[in-house]
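# Observations on the model geometry
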Amino acid sequence: MNIDRELLRQVRFSVAKFIITLISGLLGGIFIIIQAYLVSTIISKVFINGQNLAEVMSLLQWLMGVILVRAAILFIQQVSSRQLAVEIKSRLRKSLYEKILKLGPVYSQEKQSGEFSTLAMQGIESLDAYFSQYLPQLVLAVAIPFTILATVFPMDSLSATILLLTAPLIPIFMILIGKSAEQMTKRQWNMLSRLGAYFLDTIQGLTTLKIYNSKNEREKISSASEKYRQITLNILRITFLSAFALEAVATLSTAIVAVQIGIRLLNDQLPYQQALFLLVLIPDFYLPLRTLGLRFHAGITGTTVSKQLFELLNSPF
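Presented here is an overview of the structure given in this document. All values derive from a computational prediction rather than experimental measurement. (Residues numbered from 1 in each chain as written. Predicted model: local features only at pLDDT ≥ 70, side-chain atom pairs only at ≥ 80, totals over all residues. Heavy atoms only, no water.)

Below, the discussion takes up the nonpolar core. Core analysis: the largest hydrophobic core is formed by 56 residues, its most contacted members being Leu92, Phe131, Leu163, Leu281, Tyr286 and Leu309. Those elements that provide at least two residues to this core are helix H2 (15-47), helix H3 (53-110), helix H4 (113-125), helix H5 (127-155), helix H6 (157-166), helix H7 (169-204), helix H9 (217-266) and helix H10 (272-313). Here the element with the most residues in this core is H10; it accounts for 17 residues. Apart from residues lying up to four places away in sequence, Leu309 is in contact with Leu92, Leu96, Leu119, Ile124 and Leu127. Counting six residues, the second largest nonpolar core, distinct from the first, contains Ile177, Met184, Ile231 and Ala245. (Core = buried A, V, L, I, M, F, W, Y, C linked by side-chain atoms within 4.5 Å. Buried < 20%, exposed > 50% of the residue type's maximum accessible area, 1.4 Å probe, protein only. Helix = DSSP H or I, 4+ residues; strand = E, 2+ residues; numbered from the N terminus. Contact = heavy atoms within 4.5 Å.)

Here it is as structure tokens:
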């Protein structure tokens, strides 16, 4: 997985918000289980036991309460993760600015000023998704499925075994596709840095270029922009391919569990309420893994930017 030690160290300065993000995510996973149990129980009492609205009203009230609590937990998670990302980005920008001032104009003249601008603005800004989405989701993608698995296993060991065998398929596909995406992302960032540096240097020397009537700079910028566009489209192609592959694996895995539950339900080998509870809960088992797959590109981008950023911040000169 795309875990950068330097970026991980930045979390220690905002550890409270990171813990709040993780705890709220774990609580959300627990309330998913409670909600699935209440839904299955209400449907079973109404359609199997023939109970009326008054008899299940208390369960409906509990269900409404759980839904509201889940919404509040999700809101807290999003706010804390955003604040976590904002604090870390602000600290990194300040450190980068102080480092450039400390290195002085001699070092800056050896580098293109556009590279510093691209790194300080778009580079650090791209770390927002890494801290607010990818890093917390990496922990939740392990914790929530194991919580659901611990709930399902005492009830139905066969379904739990299928979940345990199919869950690793999503990370495996993610890693296989991620290898090619990582190379493309590195090329994209290097091209963006060169393009930003070249464009800013061209703007700074615009007066000189006009005096000497230079006309080929526009073609050079256009050519570099076209290369950047092609690399970006290739990354998007890989991203969409990975999303399709992960959705397909998760859907097939869910279908396998659903089919065997349906067969045993028809043969009276499984109670209706328990079968419905499992069917409602199973999609949420794969959801954190699928979400991690969607955030995987943010992890690759974060580690790519981190190498250039901390190479400059850790420079002894």
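Moving on from the model shown.
Once that is clear, we can look at the environment of Ile235. The topology assignment puts Ile235 in helix H9. Along the backbone, Ile235 and His297 are 62 residues apart, and their C-alpha atoms lie at a distance of 9.0 Å.

Take H10 next. The terminal C-alpha atoms of H10, which comprises 42 residues, lie 60 Å apart, in line with the 62 Å expected from a rise of 1.5 Å per residue. Taking the largest bend as the criterion, H10 deviates by roughly 40°, centred on Arg295. (Expected span 1.5 Å × (residues − 1). Bend = angle between axes of the 7 residues up to and from the residue.)

So, about the packing of aromatic side chains. For the structure on display, the rule yields four aromatic pairs. Aromatic pair Tyr130 and Phe131: ring centres 5.4 Å apart, planes at 80°, arrangement edge-to-face. Taking the relative accessible area as the measure of exposure, Phe131 reaches 0% and is therefore buried. Relative to Tyr286, the ring of Phe285 has its centre 5.1 Å away and its plane inclined at 90°; by these criteria the two rings are edge-to-face. Assigned by exposure class, Phe285 and Tyr286 land together as buried. Each member of the aromatic cluster is reached from another via a ring pair, and the members are Tyr130, Phe131 and Tyr134. (Phe/Tyr/Trp six-rings, centres within 6.5 Å; stacked < 30°, edge-to-face > 60°.)

Residue placement: Leu313 occurs in helix H10. Given the relative accessible area of 16%, Leu313 is considered buried. The spatial distance from the C-alpha of Leu313 to the C-alpha of Ser95 is 7.4 Å, given a sequence separation of 218 residues.

Below, the discussion takes up the packing of H2 against H5. Across the interface, H2 lies against H5 with an axial gap of 9 Å and an inter-helix angle of 30°. The orientation of H2 relative to H5 falls into the category roughly parallel. You can see that H2 and H5 cross each other, and the crossing is right-handed. Contacts from Phe18, Thr21, Leu22, Gly25, Leu26, Gly29, Ile30 and Ile33 in H2 reach Leu135, Pro136, Val139, Leu140, Ala143, Ile144, Thr147, Ile148 and Thr151 in H5. Here the contact of H2 with H5 is composed, by residue class, of twelve nonpolar, five polar and no charged. (Axes fitted to C-alpha atoms, helices over the stretch in contact; angles between N-to-C directions. Parallel < 35°, antiparallel > 145°, perpendicular 65-115°, else oblique. Left-handed = near helix turned anticlockwise from the far one by under 90°. Nonpolar A, V, L, I, M, F, W, Y, C, P; charged D, E, K, R; others polar.)

The angle between the axes and the distance between the axes are what describe a pair of packed helices. Remark: H6 packs on H10, axes separated minimally by 12 Å, with the N-to-C direction vectors making an angle of 15°. With respect to H10, the axis of H6 lies roughly parallel. Between H6 and H10 lies a crossing whose hand is right-handed. On H10, the residues touching Ser159, Leu163 and Thr166 of H6 are Leu278, Ile282, Phe285 and Tyr286.

What follows deals with a nonpolar patch on the surface. Residues Val15, Ile19, Ile23, Leu27, Ile30 and Ile34 make up a contiguous nonpolar surface patch of about 460 Å² in total accessible area. Within the secondary structure layout, Ile19 lies in helix H2. For Ile19, a relative accessible area of 42% corresponds to the partly exposed category. (Patch = residues over 30% accessible without salt bridge, like charges linked within 9 Å, V, L, I, M, F, W, Y side chains within 5 Å. Areas by Shrake-Rupley, 256 points an atom, 1.4 Å probe, with all protein chains shown as cover. Salt bridge = Lys/Arg side-chain N within 4 Å of Asp/Glu carboxyl O.)

Taken as a whole, this structure holds eight salt bridges when the rule is applied. Note that Lys17 and Glu87 form a salt bridge whose closest N and O atoms lie 2.8 Å from each other. Remark: Glu87 occurs in helix H3 and Lys17 occurs in helix H2; sequence separation between them is 70 residues. By relative accessible area, which is 29% here, Glu87 ends up partly exposed.

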